Amino acid sequence: MTALRYIPFAGRLLIGLPFAMSGLGKLAAIGPTTNMIRAAGLPLPSFALAVAVVVELGGGLLLVAGFRTRSVAGVLALFSLATALSFHSNFADQNQMIHFLKNVMMAGGLLQIVAFGAGALSIDNRRVKIGSKES
């Protein structure tokens, strides 16, 4: 039963790290990423890039750490659905369909985190325990 306490952390790690890596990738390719956002027809491509980096890099790292996990997971779920619709909605292209479904599946996993929380190995859980000892 004790080993089960590590599963929520493993889940947060497996979902959060790809987001953080994607944010870093956008920082490493600012010009091409901005052009891709522009080509998708989104307004204010430079601002959209900044938002994407903050959400992906910041959100991914916060998710792994388990800090404000439910809120962060909710934001990442909405971001995943928005990017699915904005960048992967050409269902005639099988690759785009796969990416669309991947984003939808990530949103589903993130909603599980919203529902069930961060788990034992998280900053959120540590704050709850500290708060209950002081009461």
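Anything mentioned here points back to the structure above.
None of the values given here were measured: they were computed from a predicted structure.

Draft legend 1. Quick look at the packing of aromatic side chains. Under the counting rule described, the total for this entry stands at one aromatic pair. Consider the rings of Phe91 and Phe100, whose centres lie 4.9 Å apart with planes at 75 degrees: the pair is edge-to-face. A relative accessible area of 15% means that Phe100 is categorised as buried. Lying across the ring of Tyr6, Arg5 places its NZ or CZ 5.7 Å from the centre.

Draft legend 2. Summary view of the nonpolar core. Grouped together as the largest cluster of nonpolar side chains are twelve residues: Phe19, Ala52, Val55, Leu63, Val72, Ala73, Leu76, Ala77, Phe79, Ala107, Leu110 and Ile113. Elements that contribute at least two residues to this core include exactly α3 (45–65), α4 (69–87) and α5 (94–116). The element best represented in this core is α4, accounting for five residues. Setting aside its immediate chain neighbours within four residues, Ala52 contacts Lys26, Leu57 and Phe79.

Draft legend 3. Representation of the packing of helix α2 (residues 30–39) against α3 within the structure. Where α2 contacts α3, the axes come no closer than 9 Å and their chain directions differ by 115 degrees. Overall, the two elements α2 and α3 adopt an arrangement that is roughly perpendicular. Note that α2 runs across α3; the crossing there is right-handed. Across from Ile30, Thr33, Thr34, Ile37 and Arg38 in α2, the residues of α3 making contact are Pro45, Ser46, Ala48 and Leu49. Looking at side-chain class alone, the contact of α2 with α3 contains five nonpolar, three polar and one charged residues.

Draft legend 4. Representation of a nonpolar patch on the surface in the model. Taken together, the side chains of Tyr6, Phe9 and Leu121 define a hydrophobic patch exposed on the protein surface, amounting to about 250 Å² of accessible area. Residue placement: Phe9 occurs in helix α1 (residues 7–28).

Draft legend 5. Examining the pattern of salt bridges more closely. Under the criterion given, the structure shown has one salt bridge. Residue Lys26 pairs with Glu56 through a salt bridge whose shortest N-O separation is 3.0 Å. With Lys26 in helix α1 and Glu56 in helix α3, this pair connects stretches of sequence that are 30 residues apart. Exposure remark for Lys26: the relative accessible area of 16% places this residue in the buried category.

Draft legend 6. Highlighting the environment of Ile98. Along the polypeptide, Ile98 turns up in helix α5. As a C-alpha pair, Ile98 and Asp124 span 26 residues in sequence and 33 Å in three-dimensional space.

Draft legend 7. Fine view of the packing of α1 against α3. Here α1 crosses α3 at 155 degrees, and the two axes come no closer than 7 Å. One finds that α1 runs roughly antiparallel with respect to α3. Crossing handedness for the pair α1 and α3: left-handed. In terms of residue class, the contact of α1 with α3 is built from 16 nonpolar, four polar and three charged.

Draft legend 8. Spotlight on unusual backbone geometry. Of note in the backbone geometry, Leu44 takes a positive phi value of approximately 50 degrees without being a glycine. Structurally, Leu44 can be placed in the loop between α2 and α3. The class of Leu44 is exposed, set by a relative accessible area of 61%. Although it is not a glycine, Arg68 sits at a positive phi angle of roughly 50 degrees. Its place among the elements puts Arg68 in the loop between α3 and α4. Since its relative accessible area comes to 49%, Arg68 is described here as partly exposed.

The rules behind these values
- Every chain is numbered on its own, with residues counted from 1 as its sequence reads.
- Reporting in this predicted model follows two pLDDT cut-offs: at least 70 for local features of residues, and 80 or more for side-chain atom pairs to be given and counted; totals over whole chains, interfaces and linings ignore these cut-offs and use all residues.
- To obtain the side-chain values, all non-hydrogen atoms of the structure were used and water was disregarded.
- Ring pairs are drawn from Phe, Tyr and Trp, using the six-membered ring of Trp, whenever the two centres fall within 6.5 Å, and their geometry is named by plane angle: stacked under 30 degrees, edge-to-face over 60, tilted for the rest.
- When accessible area is computed with a 1.4 Å probe and restricted to protein chains, residues below 20% of their type maximum are described as buried, those above 50% as exposed, and intermediate ones as partly exposed.
- Two limits define a charge over a ring: the Lys NZ or Arg CZ must be within 6 Å of the ring centre, and within 35 degrees of the ring normal.
- Only buried residues count toward a nonpolar core. Its members are Ala, Val, Leu, Ile, Met, Phe, Trp, Tyr and Cys residues joined through side-chain atoms within 4.5 Å.
- Per the convention used, a helix needs a DSSP run of H or I reaching at least four residues, while a strand needs a run of E reaching at least two, with both numbered from the N terminus.
- Pairs of residues are marked as contacts when any of their non-hydrogen atoms sit within 4.5 Å.
- Axis lines are fitted through C-alpha atoms, for helices just across the contact stretch, and the angle between N-to-C directions can take any value from 0 to 180 degrees.
- Here roughly perpendicular refers to angles of 65 to 115 degrees, roughly parallel to angles under 35, roughly antiparallel to angles over 145, and oblique to all remaining angles.
- Handedness of each helix crossing follows the sense of rotation of the near helix against the far helix: counterclockwise by less than a right angle gives left-handed, clockwise gives right-handed.
- Here the nonpolar group is Ala, Val, Leu, Ile, Met, Phe, Trp, Tyr, Cys and Pro; Asp, Glu, Lys and Arg are the charged ones; every other residue, Gly included, is treated as polar.
- Note that patches include only residues with greater than 30% relative accessible area and no salt bridge, and the join distances are 9 Å for like charges and 5 Å for nonpolar side chains (Val, Leu, Ile, Met, Phe, Trp, Tyr).
- For every accessible area listed, the method is Shrake-Rupley and the probe measures 1.4 Å; residues are considered covered only by the protein chains on display.
- Every case where a carboxyl oxygen of Asp or Glu lies within 4 Å of a side-chain nitrogen of Lys or Arg is listed as a salt bridge.

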